[in-house]
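Below, each chain spelled out in residue letters.
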Amino acid sequence: MKKVLSHLPTVTPVNVNQLHTRSNASAGLWLVILIPLACSPGLYEAYSHCSPTPKLLALLAFQVGVSGIHLYHKFCMSGKQQNEEPSKTEISFLGKYVLHPYIPALVTAAALSLLTGISPPVAIIISSICLLVMYTSTKWLLTNFPGSFTLGEGALLGQATSLSVTWSVYSLFQTTLSQQQLSETQETSVFIQTAILVVFLFTAGLYKLPALQTPEVFVLYICLSGAVGVLVTSLIMGQWSPLWLYEIISTKPDRQILMAWWSLLSVLSVVITIIAKRTKKLPTTILRKVYHLIIVLVFTPGIIFEPTITQLAATAALMLCWILECVRDLKIEPIASVIYDAFVTFLDEKDKGSLILSHLYLLAGVAAPLWISPCPLKESPIGLKTAGSLLPLLAGILAVGVGDTAASVGGTYFGKRHWFGTKKTVEGSLCGILAQMSMVGLLVTFGIINMSLPAWGRLFLSTIVVAIVEALTDQVDNIVLPLLMYTPLMDI
């Protein structure tokens, strides 16, 4: 055992005192449990029939959750100098192995072999890749973007990156080996997974090689990356992927209507942005919540009628926004100045770091339930009319788009009693709870979902928890609240 562990990659220690985390915010390391909790329904027997097995994602999520311990032990050596050697009596002989950064990978590999039937060598490779990507991406985020994250936010994004990359690698590998005819849902997954890997490698190359950051080379680089993505998806799907994308959008009238609706809302967003920059009459807080309402109008019909297409569109939008943010951060002109001018009006205290992430957090938070759903999304869950099939997918909309927006507006105009010295008010929180319950009530009234009395009780408790966390946390609530709301709504 000692010989095996000595040959595993090490995690370079970083003194936490040398990290420039987001100011006026706590460490927030409790965020490392959110993704494991949200992925835990994958272990439910109700989803054992799904393929690929959701147990894989759930076990990997537990692995990266446990690995959060090493943010203190190996990754963020708080109170120690980077080159200082720990005393021999500080950690016991057994403790050295229990706290080794790659022990969770070995445990997860064993669990994957026992519970999912994945061969031990493949399981070890999967779990090791997942952990290595997590440590690498978390360290990169915290050290390269000063002031943009708390420790918990950086760890959570590192977890999300590692899970999405590992899941994509494994799923594409399995799909390539199967050589079977793919359904539309499977083809959509291939498209998304390939895009994740291409953008991941694109970002790594962009920041590792400064030569790629010049405008002329950047254009060539992004075109080459896109061509690679198209080629890979086309080979795996057995058809030209741009043509496939056009066909799945144009062959069904419902999807054409949805695309037209999204296009209209996009134009509306641009108009609101232009008007807001010229008039400057509305408070920034209220103006930001207008975009929350727009995203509710974008996602609600999409999730109800076309969740698969909505998942694809949300992934594309998130990746496009991330690439544009990289362009702005690296000051690749002339685009960088245009992007900054568009966002400067809407910045708040959580956007004081080198990155502007509020819009990315909002999009990712609302779309998160679509990405972590235990089973592949069907064309539309509305035909089932059960809370368990549709309500969890709406968790992001309820928590952020409806609840957070109503709490902010209600607190601004009716708030009097503040929560324990914060700027948030009790009246605002009550408005958020009422708004979420009212939206679900509308869905029930129109026959979109059915709700039993116990389901209403669990929903009510979930909205209370979300409201309290929204009022008291100093972490980015756009990503925290949807994950908190999602898990309790499963199987109600």
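These numbers were taken from a predicted model, which means no experiment stands behind them.

Asker: Account for the state of the cysteines, naming residues and giving values.
Answerer: Summed over all chains, the structure comprises 1 disulfide. Cysteine 50 shares a disulfide with cysteine 375; S-S distance 1.5 Å. Between cysteine 50 and cysteine 375, the disulfide has an S-S torsion of 40 degrees and is therefore right-handed. With a gap of 325 residues between them, cysteine 50 in the loop between helix 2 (34–39) and helix 3 (54–66) and cysteine 375 in the loop between helix 16 (358–372) and helix 17 (387–390) connect regions that are remote in the sequence. We classify cysteine 50 as buried; its relative accessible area is 8%. The buried category is assigned to cysteine 375, whose relative accessible area is 18%.

Asker: Would you mind going over the packing of aromatic side chains in detail, with residue names and values included?
Answerer: All told, the structure shown has 7 aromatic pairs when counted by the stated rule. Between tyrosine 44 and tyrosine 47, the ring centres sit 6.2 Å apart and the planes meet at 20 degrees, which makes this aromatic pair stacked. The buried category is assigned to tyrosine 47, whose relative accessible area is 10%. Look at phenylalanine 145 and tyrosine 207: their rings are 5.6 Å apart centre to centre, the planes differ by 85 degrees, and that puts the pair in the edge-to-face class. One end of the pair, phenylalanine 145, is in the loop between helix 7 (120–144) and helix 8 (151–178); the other, tyrosine 207, is in helix 9 (residues 184–208), with 62 residues separating them in the sequence. For phenylalanine 145, a relative accessible area of 1% gives the class buried. On the basis of relative accessible area, tyrosine 207 is assigned to the buried category, the value being 18%.

Asker: So what's going on with the packing of helix 16 against helix 21 (residues 477–486)? Which residues, and what values?
Answerer: Here helix 16 crosses helix 21 at 20 degrees, and the two axes come no closer than 7 Å. In terms of axis orientation, helix 16 runs roughly parallel to helix 21. Our pair here, helix 16 against helix 21, has a crossing hand that is right-handed. Contacts between helix 16 and helix 21 pair Ser358, Tyr361, Leu362, Ala364, Gly365, Pro369 and Ile372 from the former with Asn478, Ile479, Pro482, Leu483 and Tyr486 from the latter.

Asker: Tell me about the nonpolar core, and name the residues and values.
Answerer: Of all hydrophobic cores here, the largest spans 124 residues; its most connected members are Leu206, Phe299 and Ile397. Those residues in contact with isoleucine 397 that lie beyond four places of it in its chain are Val296, Phe299, Thr300, Ile303, Val366, Val402 and Met439.

Asker: Go over helix 12 (residues 253–279) with me, naming the residues and quoting the values.
Answerer: Helix length check: helix 12, at 27 residues, gives a terminal C-alpha distance of 39 Å against a target of 39 Å (1.5 Å per residue), a fit within 8%. By the burial criterion, the buried members of helix 12 are Arg255, Leu258, Trp262, Leu265, Ser269, Ile272, Thr273 and Ala276.

Asker: Outline empty space enclosed by the protein, listing residues and values.
Answerer: Counted by the stated rule, this structure contains 1 cavity of 30 Å³ or more. Here the largest cavity defines a volume of roughly 60 Å³. Looking at the largest cavity, it is lined by 13 residues, and the ones nearest its centre are Gly403, Ala407, Gly432, Gln436 and Ala467. Elements that contribute at least two residues to the lining of the largest cavity include exactly helix 18 (395–414), helix 19 (426–445) and helix 20 (453–472). Here the residues of the lining of the largest cavity are counted per class, giving 6 nonpolar, 5 polar and 2 charged.

Asker: So what's going on with the packing of helix 16 against helix 18? Which residues, and what values?
Answerer: The angle between the axes and the distance between the axes are what describe a pair of packed helices. For the pair helix 16 and helix 18, the least separation of the axes is 6 Å and the interaxial angle reads 150 degrees. Judged by the angle between their axes, helix 16 and helix 18 are roughly antiparallel. Residues Leu362, Gly365, Val366 and Pro369 of helix 16 lie in contact with helix 18, whose contacting residues are Ala395, Gly396, Ile397 and Val400. Its residues placed into classes, the contact of helix 16 with helix 18 shows 6 nonpolar, 2 polar and no charged.

Asker: Describe the side chain of threonine 473, naming the residues involved and giving the relevant values.
Answerer: Here threonine 473 shows up in the loop between helix 20 and helix 21. Classification of threonine 473 by relative accessible area gives buried; the value is 15%.

Asker: Requested: an account of the pattern of salt bridges, with residues and values cited.
Answerer: Where charged atoms of side chains with opposite charge meet at close range, the side chains can pair. A complete count under the given rule lists 6 salt bridges for this structure. A salt bridge links arginine 22 to glutamate 153; the nearest nitrogen and oxygen atoms lie 2.4 Å apart. Placement of arginine 22 in the loop between helix 1 (2–6) and helix 2 and of glutamate 153 in helix 8 is noted, with a sequence separation of 131 residues between them. Overall, the relative accessible area of 5% leaves arginine 22 in the buried class. Note on glutamate 153: relative accessible area 3%, which makes it buried. In this structure, arginine 417 engages glutamate 427 in a salt bridge whose closest nitrogen and oxygen atoms are separated by 2.6 Å. One end of the pair, arginine 417, is in the loop between helix 18 and helix 19; the other, glutamate 427, is in helix 19, and 10 residues separate them in sequence.

Scoring rules and cut-offs
Residues numbered from 1 in each chain as written. Predicted model: local features only at pLDDT ≥ 70, side-chain atom pairs only at ≥ 80, totals over all residues. Heavy atoms only, no water. Disulfide = S-S within 2.5 Å. Helix = DSSP H or I, 4+ residues; strand = E, 2+ residues; numbered from the N terminus. Buried < 20%, exposed > 50% of the residue type's maximum accessible area, 1.4 Å probe, protein only. Phe/Tyr/Trp six-rings, centres within 6.5 Å; stacked < 30°, edge-to-face > 60°. Axes fitted to C-alpha atoms, helices over the stretch in contact; angles between N-to-C directions. Parallel < 35°, antiparallel > 145°, perpendicular 65-115°, else oblique. Left-handed = near helix turned anticlockwise from the far one by under 90°. Contact = heavy atoms within 4.5 Å. Core = buried A, V, L, I, M, F, W, Y, C linked by side-chain atoms within 4.5 Å. Expected span 1.5 Å × (residues − 1). 1 Å grid on protein atoms, 1.4 Å probe; cavity = no way out; pocket = protein on both sides within 12 Å on 5 of 7 lines; lining within 4 Å. Points joined across faces, edges and corners; volume = space filled by probe spheres on them. Nonpolar A, V, L, I, M, F, W, Y, C, P; charged D, E, K, R; others polar. Salt bridge = Lys/Arg side-chain N within 4 Å of Asp/Glu carboxyl O.

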